[in-house]
Amino acid sequence: MKARRLYNRIATLRVERGISRKELAEQIGVNFQTVGYLERQEYNPSLDLAFRISEYFGFPVEFIFSITVMKPMSEELYQQNSE
Amino acid sequence: MTDRRVQVTVNYAALLLMNIAFYFVYKGRNASHVIDAVGLFSIVVVGVTFRSVHWKTGIWKLTHARSKDLDERELSLTHWALSVSYGWFAVICLVIMLAMSLIGRMNICPQYTISIPLVGSLIYLAHTLPGSMIAWKGEVLPEDTE
């Protein structure tokens, strides 16, 4: 079975926090190269890893991961403010 | 074909060339310093391409690491590489056994048995095939740092 592509905001969140891939990798218990694969959306994490990432950033899993292309956070924030 | 795929191809082509050269050395009929030189040159090429494909990229460490030292992506990658290379290695061994049997039956070189270079090549192949699968796929990028 071919897995669906999962979209995520890991790169945006990591840059926003000002941490390197190596630092994030140490926090979530993976190799730093795996963080690169996750950010490029070339690898779908397991449920356990997805929860570890969401716990680290302090956001719900559905905010970080999606099965559809995610809007930029600034766009979502602008929409919320204008509503 | 990417640079790494070219290196993998050259690595195994040199290994094959080394075995052919040492076969003729063993056979004795066409043995010459040229064939000796080709055999030794092939070993050097195997060594150089092994260093660039397996050693410098960290693929050797990845395929020889203990499971508990790998994360889930690396585990899934090495599992895939090991299962595919197991099939390829089995086919290669069976082809060699068939070739050996034909060499004996057709009286090409009846005294020829499995030589040390051939056994050495098979050991090398068993250790490097999973890594070559990963290199061929284009995984593990050493430049993928910050």
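Everything that follows concerns the structure shown earlier in this document.
Here we summarise the structure given alongside this text. Within each chain, residues carry numbers counting from 1 in the order of the written sequence. All chains are assigned letters beginning with A, and all ligands numbers beginning with 1, in the order in which they are written. Where totals are concerned, whole chains, interfaces and linings use all residues; where local detail is concerned, this predicted model gives features only for residues with pLDDT of at least 70, and gives and counts side-chain atom pairs only at 80 or more.

What follows covers the overall build of chain A. Assigned secondary structure in chain A consists of six helices and two strands. Order of helices (α) and strands (β) in chain A, N terminus to C terminus: β-α-α-α-α-α-β-α. Within these notes, the globule rule equals 2.2 Å times the number of residues to the 0.38 power, and the radius of gyration is based on C-alpha atoms. Relative to a compact globule of 83 residues, whose C-alpha radius of gyration would be 12 Å, chain A shows 13 Å and is just as compact. For chain A, the spread of C-alpha atoms along the principal axes amounts to about 40 × 35 × 20 Å. Out of the 83 residues in chain A, the part that is buried amounts to 23%. Numbering of helices and strands starts at the N terminus; helices are DSSP runs of H or I of at least 4 residues and strands are runs of E of at least 2. Between the buried cut of 20 or more and the exposed cut of 12 or fewer other C-beta atoms within 10 Å of a residue's own C-beta lies the partly exposed class, and all C-beta atoms are placed from the backbone.

With that out of the way, let us pick up the nonpolar core. Nonpolar cores are built from buried Ala, Val, Leu, Ile, Met, Phe, Trp, Tyr and Cys residues. These are joined into a set through C-beta atoms within 7 Å. Counting residues in hydrophobic clusters, the biggest one holds 17 residues, and the most contacted among them are Met-18, Val-46, Val-53, Ile-59, Ile-134 and Ala-135 of chain B. Listed by contribution, the elements that provide at least two residues to this core are helix H1 (3–27), helix H2 (33–55), helix H3 (59–63), helix H4 (72–105) and helix H5 (116–137) of chain B. Here this core takes six residues from H1 of chain B, the largest share from any one element. We call two residues in contact if the C-beta atoms placed from their backbones are at most 7 Å apart. Discounting chain neighbours no more than four positions away, the residues touching Met-18 of chain B are Gly-39, Ser-42, Ile-43, Val-46 and Pro-117 of chain B. Counting 11 residues, the second largest nonpolar core, distinct from the first, contains Ile-10, Leu-13, Ile-53 and Phe-65 of chain A.

Right, let's talk about the environment of Thr-128 of chain B for a bit. Residues and elements named next belong to chain B. Mapping Thr-128 onto the fold places it in helix H5. Judged by the 23 C-beta atoms lying within 10 Å of it, Thr-128 falls in the buried class. It is 20 Å that separates the C-alpha atoms of Thr-128 and Leu-40, two residues lying 88 residues apart in sequence. Excluding its chain neighbours within four sequence positions, the residues that come into contact with Thr-128 are Phe-50 and His-54.

Contact residues are listed per partner, giving seven residues for chain B and 13 residues for chain A. Class assignment for the residues of the side of chain B that touches chain A results in one nonpolar, no polar and six charged. Any residue that is not Ala, Val, Leu, Ile, Met, Phe, Trp, Tyr, Cys, Pro, Asp, Glu, Lys or Arg is counted as polar, Gly included; the first ten are nonpolar and the last four charged.

Below, the discussion takes up the packing of H2 of chain B against H5 of chain B. Residues and elements named next belong to chain B. Between N-to-C directions, angles cover 0 to 180 degrees, with each direction set by a line fitted to C-alpha atoms, over the stretch in contact for helices. Running from N to C, H2 and H5 point in directions that differ by 65°, and their axes come no closer than 10 Å. As summarised for this structure, H2 and H5 are arranged roughly perpendicular, according to the angle between their axes. The chirality of how H2 crosses H5 is left-handed. Only Thr-128, Gly-131, Ser-132 and Ala-135 of H5 make contact with H2, whose side of the interface consists of Phe-50, Val-53 and His-54. Across the contact of H2 with H5, the residue classes break down as three nonpolar, four polar and no charged. Our angle categories are set so that under 35 degrees counts as roughly parallel, over 145 as roughly antiparallel, 65 to 115 as roughly perpendicular, and the remainder as oblique. Left-handed describes a crossing whose near helix is turned anticlockwise from the far helix through less than a right angle; right-handed describes the clockwise counterpart.

Before going further, it helps to examine helix H2 (residues 21–28) of chain A. Residues and elements named next belong to chain A. Within the span of H2, buried status applies to Arg-21, Leu-24 and Ile-28. For H2, the arc enclosing every buried residue in end-on projection is 65°, short of the 170-degree limit, so these residues lie on one face. Buried residues in H2 make contact with helix H1 (10–17), helix H3 (32–39) and helix H4 (47–57). In the stretch just after H2, Gly-29 is the one whose phi turns positive, near 75°. Note that the arc is defined by the directions from the helix axis to the C-beta atoms.

Scope: geometric values only; no functional claims are made or implied.
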